[in-house]
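Chain and residue survey
Now for the letters of each chain:
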Amino acid sequence: MIIVTSGHVDHGKTALLQALTGTNTAHLPEEKKRGMTIDLGYAYLPVGDNVLGFIDVPGHEKFLANMLAGLGGIHYAMLIVAADEGIQAQTQEHLAILRQLQLAQILVVITKSDRADSQQIEDLKAKITTNYPFLAHSPFFVTSATTQQGIAELREFLTALPNLADSTKPFRYAIDRIFTLKGAGTVVTGTAFSGKVCVNDELYLSTGEKVRIKAIHAQNQPNEQGIAGQRLALNIHGELERASIERGDWLLAEQPPEPTDRITVQLTAETPLSENQSVHIYHAASRCVGKLGLLNVKSAQPNEQVYAEIILEKPFFLTVGDKVILRSGDNKHLIAGGRVLEIHSPKRHKRSEVRLNFVTNLAQTNNAAERIALYLQDQAVSATYLRWVEQLTDQQLSEILTQNQQIRFQDWCFNQDYQTQQNRKMLTALGFYHAQHPDQIGVAKARLYRMSALNQPEKLIYYFVDELLATGKLAQSRGWLHLPEHQLAFSAEEREHWKAVLREFIQANGQPLWVRDIATALAMDETQMRNFLYKAGKLGYLMPIVKDRFFLTETVYAYAKRVKEMLKAQGEISVNQLRDELQFGRKLTVQLMEYYDRCGFLRRKGNAHILRDGDIFD
């Protein structure tokens, strides 16, 4: 567990930690020379089988960015106030940041008690609780690193604090230092936000590279594993250069998705906020500039809670619930703090009533199950995305889906209402198609998808089609989808005509026939023969590859099977290759290939053709 210490410069933070742990946290030569903490300093206190970690963050205004980098994944803080000086400028700013991060508990530690009398200390305590009401229930400790007053009591209180970091979630670790050790290689240090890591585990850098963990120092001690809430030094091995890792990168249990540059947040204003103002955004060890846009108000006053969108100049690896700190465009003062409600927020209709209701409901949720129920209200969402935004293992996600009575097919998660809605759209689209084209038997699966569900996951819609077929709500004739009640049939007289026509096709031995040739052979009127053959085509017995030229349907299927075999072997097929395979003339081969393109079986790519929908001629 890590506890952060903050306060004004020279108020005794480093001395207090040395008294608690025996370690001087000033690690940079420049710090020792100047007598102040510039970067993050660390100290550790062994307590039984555990080790408490302390971050000594900078108190000087110029080094505030380093201070903010120390606050990712932290649940407890000690606000340090010198008894002889009281609340100072940087004390106020640090306190505002700690309040905005909504930590579980802030301890107030009054230092240098040997430099003030008891009345001064009581007056200081009263002033702090009066001016900062949110500290009224915080524990106060009066200490002196010189006389050791209060040190033992403070140490005892700190060691009893529970670790609130969640080690059951996937491992997520923010890198704030990178260096090279002779004989070891690249070492990174940072805080584990969640999960656990063991020696020889393989992790992903947020840049995409895979690395292996060679050794672990947890809370400054060699260990076989590190867990959430600990300060970890990880010796990593991978095919990468040290220079390719930067402060602000992450180590993750799973390959990360694309970072986000547009987020929805719930903010608490520290100063007046206005629409479209420039801001500096701080998250863990990362920071960048961006644009703040208020969503539900035009402006906000201090302590007011608002919903906002932040457009980041540099994409961040954020998840839902992450804390962010905003400073002014000139980076001189704190303006707000908040938590992430949504990553990849939409670019359009962001202030519509429906959208703002969704954001409001999202802000009021208490757990991942409630949020996932909102995510899946009107859409299917990938399991990969849900695992990332909620930082869940696959097993944890499965348990939530079962609890919520939601469904998963491959990587897609959805609820029953969504499936019912998509089924209704497909059946309605087919009904319109039948009304407009009563002479057509139906449509291919790919065409039905384009007609009714173009912006939905294609494989998921095909799964819904299969379920509709299995339940009899949809029918399929020779590969064409149609409503069960939509039927075409020959009359008794037409069935006799078909027997004669079929004999002609059998004699053609796999070749197509023209309308006039069949009409001549059977001594029938050409117009009547044309109408009859097209009806046979609607019934699925024949297929016109061009106007008035027909193949038997089973012949087209047989040729399609040979095409699939060629595509499986070589990935694409040309007209000349199909001509040689079927021993056709080039003109007939072109007609057949173009027919396959038109019906959605193949798709032309340059001078070749590739598979588009392999289900059509199954």
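On a predicted model such as this, the values are computed, not experimentally measured, just so you know. (Residues numbered from 1 in each chain as written. Predicted model: local features only at pLDDT ≥ 70, side-chain atom pairs only at ≥ 80, totals over all residues. Heavy atoms only, no water.)

1. Digging into the sheet that holds strand β30 (residues 542-546)
What counts, and what does not: Here, strands pair whenever DSSP counts at least two bridges between them. Only runs of H or I of at least four residues qualify as helices and only runs of E of at least two qualify as strands under DSSP, and these elements are numbered from the N terminus. Contact definition: two residues touch when any of their heavy atoms are within 4.5 Å. Here the axes come from fitting lines to C-alpha atoms, over the contacting stretch only for helices, and the angles between their N-to-C directions go from 0 to 180 degrees.
Reading across the sheet, the three strands line up as β29-β31-β30 and stay open at both edges, with antiparallel pairing between neighbours. The open sheet has two edge strands, β29 (513-514) and β30, and neither has a second partner. Bridge count between β29 and strand β31 (residues 549-552): two bridges; the pairing is antiparallel. Note on β31: the bridge partner recorded for L513 is F550. Of the strands in this sheet, β30 and β31 touch helix α16 (residues 526-538), which is tilted by about 110° from β30.

2. Things to note about unusual backbone geometry
The backbone of N276 sits at a positive phi, close to 55°, despite the residue not being glycine. Mapping N276 onto the fold places it in the loop between β17 (273-274) and β18 (277-283). Positioned with a positive phi, Q410 is a non-glycine residue whose angle comes to about 55°. Summarising the element assignment, Q410 is placed in the loop between β25 (407-409) and β26 (412-414).

3. As for the packing of aromatic side chains
Worth spelling out the cut-off: When the centres of two rings from Phe, Tyr and Trp lie within 6.5 Å, Trp using its six-membered ring, the rings pair. Their planes under 30 degrees apart give stacked, over 60 give edge-to-face, and anything left gives tilted. Note on classification: 1.4 Å probe, protein chains only; a residue is buried when its accessible area is under 20% of the maximum for its type, exposed when over 50%, partly exposed between these limits. Both a distance and an angle decide whether a charge sits over a ring: NZ of Lys or CZ of Arg must be within 6 Å of the ring centre and within 35 degrees of the ring normal.
In total, this model carries 23 aromatic pairs according to the counting rule given. With a centroid separation of 5.4 Å and an interplanar angle of 15°, the aromatic rings of F490 and Y541 are classed as stacked. A residue pair is termed long-range when its members are at least 10 positions apart, and F490 in the loop between β28 (480-482) and α14 (492-508) and Y541 in the loop between α16 and β30 qualify at 51 residues. Owing to a relative accessible area of 10%, F490 belongs among the buried residues under this scheme. Between Y596 and F601, the ring centres sit 5.0 Å apart and the planes meet at 70°, which makes this aromatic pair edge-to-face. For the residue pair Y596 and F601, the accessibility class agrees, reading buried in each case. Through a chain of ring-to-ring contacts, the aromatic side chains of F409, F414, Y418, Y463 and F464 assemble into a single cluster. When the ring centre of Y462 is taken as origin, the NZ or CZ atom of K445, which lies over that ring, is 5.3 Å away.

4. Focus: the sheet that holds strand β24 (residues 381-382)
Strand order in the open sheet formed by three strands is β24-β26-β25, and the pairing between neighbours is antiparallel. In this open sheet, the two edge strands, each paired with only one partner strand, are β24 and β25. Bridge count between β24 and β26: two bridges; the pairing is antiparallel. Across the sheet, S382 pairs through a bridge with W412, a residue of β26.

5. Here's the deal with the pairing of strand β21 (residues 305-316)
Regular strands place side chains that alternate from one sheet face to the opposite one. Bridge count between strand β16 (residues 260-269) and β21: eight bridges; the pairing is antiparallel. Looking across to β21, one finds that T260 is bridged to F316. For strand β19 (residues 286-294) and β21, the ladder comprises five bridges, and the chain directions are antiparallel. Bridge pairing in β21 places G293 opposite E309.

6. Quick look at helix α13 (residues 458-470)
Condition: To estimate how far a helix should extend, the number of its residues minus one is multiplied by 1.5 Å.
For α13, spanning 13 residues, the distance from its first C-alpha to its last is 19 Å, which sits close to the expected 18 Å at 1.5 Å a residue. The inward-facing, buried residues of α13 abut β25, β26, α11 (416-436), α12 (445-452) and β28. Immediately beyond the C-terminal end of α13, within one or two residues, lies G472, with a positive phi of roughly 80°.

7. So, the packing of helix α8 (residues 368-375) against helix α9 (residues 383-390)
Convention followed: Angle categories: roughly parallel below 35 degrees, roughly antiparallel above 145, roughly perpendicular from 65 to 115, and oblique for all the rest. Left-handed describes a crossing in which the near helix is turned anticlockwise from the far one by less than a right angle; the clockwise case is right-handed.
Put simply, α8 and α9 touch, their axes get as near as 11 Å, and they point 140° apart. Between α8 and α9, the interaxial angle falls into the category oblique. α8 and α9 meet at a crossing whose hand is right-handed. Together, A368, R371, I372 and Y375 of α8 and L386, V389 and E390 of α9 make up the contact between the two elements.

The values are spatial; any link to function lies outside them.
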